[in-house]
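Structure at a glance
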Amino acid sequence: MRREAVVAENLKKRYVTKKRRGILRGEKEVVEALKGISFKIYSGEVVGLLGPNGAGKTTTVKIIATLLIPDGGDAWVYGYHVVREANTVRKHLGVLLSVEKGFYGKLTGRENLEYFGLLYGLKREELKKRIDYLMKLLELDKLGAVDRLFEEYSLGMKARLGLARALLRDPPLLLLDEPTLGLDPPSARKIRELVKDLAHKEGKAILYTTHNMFEAEIVCDRIILINKGRIVAEGTPEQLKSLIPAIRTINMVVKGSDNIDTILKSLSINSYKVERTNGLYHIKINTLKPEELLGELLKKLMSNGYETISLKIEEPTLEDVFIYFAEKGG
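Description of the structure in this document. It should be emphasised that the depicted structure is a prediction, and the values quoted were computed from it without experimental measurement.

What counts as what
Residues numbered from 1 in each chain as written. Predicted model: local features only at pLDDT ≥ 70, side-chain atom pairs only at ≥ 80, totals over all residues. Heavy atoms only, no water. Helix = DSSP H or I, 4+ residues; strand = E, 2+ residues; numbered from the N terminus. Buried < 20%, exposed > 50% of the residue type's maximum accessible area, 1.4 Å probe, protein only. Contact = heavy atoms within 4.5 Å. Pairing = 2+ DSSP bridges. Axes fitted to C-alpha atoms, helices over the stretch in contact; angles between N-to-C directions. Right-handed = clockwise from strand over helix to strand, strands pointing away.

On a plain count of helices and strands, the protein chain comes out with eleven helices and 14 strands. Expressed as lengths along the three principal axes of its C-alpha atoms, the size of the protein chain is roughly 80 × 55 × 50 Å. A burial count over the protein chain gives 44% of its 330 residues as buried. In the protein chain, the share of contacts with a sequence separation of at least 24, taken over all contacts with a separation of at least 6, comes to 70%.

Here it is as structure tokens:
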């Protein structure tokens, strides 16, 4: 039986701000960041928290991390309440909210980890072994980053050191807020691979926020879509794809004369996009029944002297799901 790592029930959070009028701020305005969300995260899984900017993702992470107090609802981490038992909750989690903030530029990577490890109450000998292990795990030793000043780190090195800090106490729960943002492909891939291993091989529970739909699809076992402070969909990537209208995309590249729009409209095709580059037409057609449309379309193109260079039918992607629910609203 899977163990419940995080249980959130009807979480609410409001912020009071002021409307801007020119260069001045006027009357107060209440922004509802969370409007009563409930979810669970289990040990051994990566759960993606996805949504547009301002949807409430970071607010959710900060409540679970005990950095914000909710205005309503409750949340528990391994059975401990995030408000009433905050100190105990913190011992069970590691947090990465920014790959750049919170470190000391004039200290080396090792010295930064030693500092935070001592603050966490780790004994020096245990801490030394843990730092050596994490430096090797995250390949910071291969990058020559162990004894280099943090201010000299690349963004990829900073991300790896941030994850090392989150793992210092070997917590069963990790809260990772866009850990690969701005990273080069090799660094991002390393972080993604490590995250999956931490969940699937070591049994950690991981809450993972990202705007990268490709990343979410390959990293996350389950996804929670949040929009305007509400959960609008939840499930595996495949389950979420099945929730949207089964519109598929015909991608074609053809070569021929300049009356492509006339041909498409003659077949009552209205949802399409055409781009012309180097004498070739790149056509995208959204349709519910591509198989039924293709026969007539290919005949029409051929009779008008067009040559088909390539043809592909694409299924809905997680990005399509994201856009569908974002446009639908909370």
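Structure shown, so let's carry the discussion forward.
Right, let's talk about the sheet that holds strand β11 (residues 248–255) for a bit. Strand order in this open sheet of four strands is β12-β13-β11-β14, and the pairing throughout is antiparallel. For this open sheet the edge positions go to β12 (272–277) and β14 (307–314), each flanked by a neighbour on one side alone. With direction set aside, neighbouring strand axes in the sheet form an average angle of 15 degrees. Bridge count between β11 and strand β13 (residues 280–287): eight bridges; the pairing is antiparallel. Opposite Asn251, over in β13, you have Lys284 as the bridge partner. Here helix α10 (residues 290–303) sits on the sheet and contacts β11, β13 and β14; the angle it forms with β11, its principal contact strand, is near 15 degrees.

Bringing the pairing of strand β7 (residues 173–177) into the picture now. Burial analysis of β7 places five of its five residues in the buried class, the great majority of the element. Along β7, one buried face is formed by Leu173, Leu175 and Asp177 and the opposite face, lined by Leu174 and Leu176, is buried too. In this sheet, β7 lies alongside strand β6 (residues 93–96) in parallel orientation, the contact comprising four bridges. Considered in β7, the bridge of Leu96 is made with Leu176. Note: β7 against strand β8 (residues 205–209), five bridges, orientation parallel. From the neighbouring strand, Asp177 faces β8, where its bridge partner is Thr209. You can see the chain leave β7, run along helix α6 (residues 185–200) and come back into β8, and the turn it takes is right-handed.

So, on to the environment of Asn112. Among the secondary structure elements, Asn112 is positioned in helix α3 (residues 109–119). Take Asn112: its relative accessible area is 0%, and that puts it in the buried class. Measuring from C-alpha to C-alpha, the distance between Asn112 and Lys142 comes to 18 Å, with 30 residues separating the pair along the chain. Not counting the four nearest positions on each side in its chain, Asn112 is found in contact with Phe103, Tyr104, Leu107 and Phe150.

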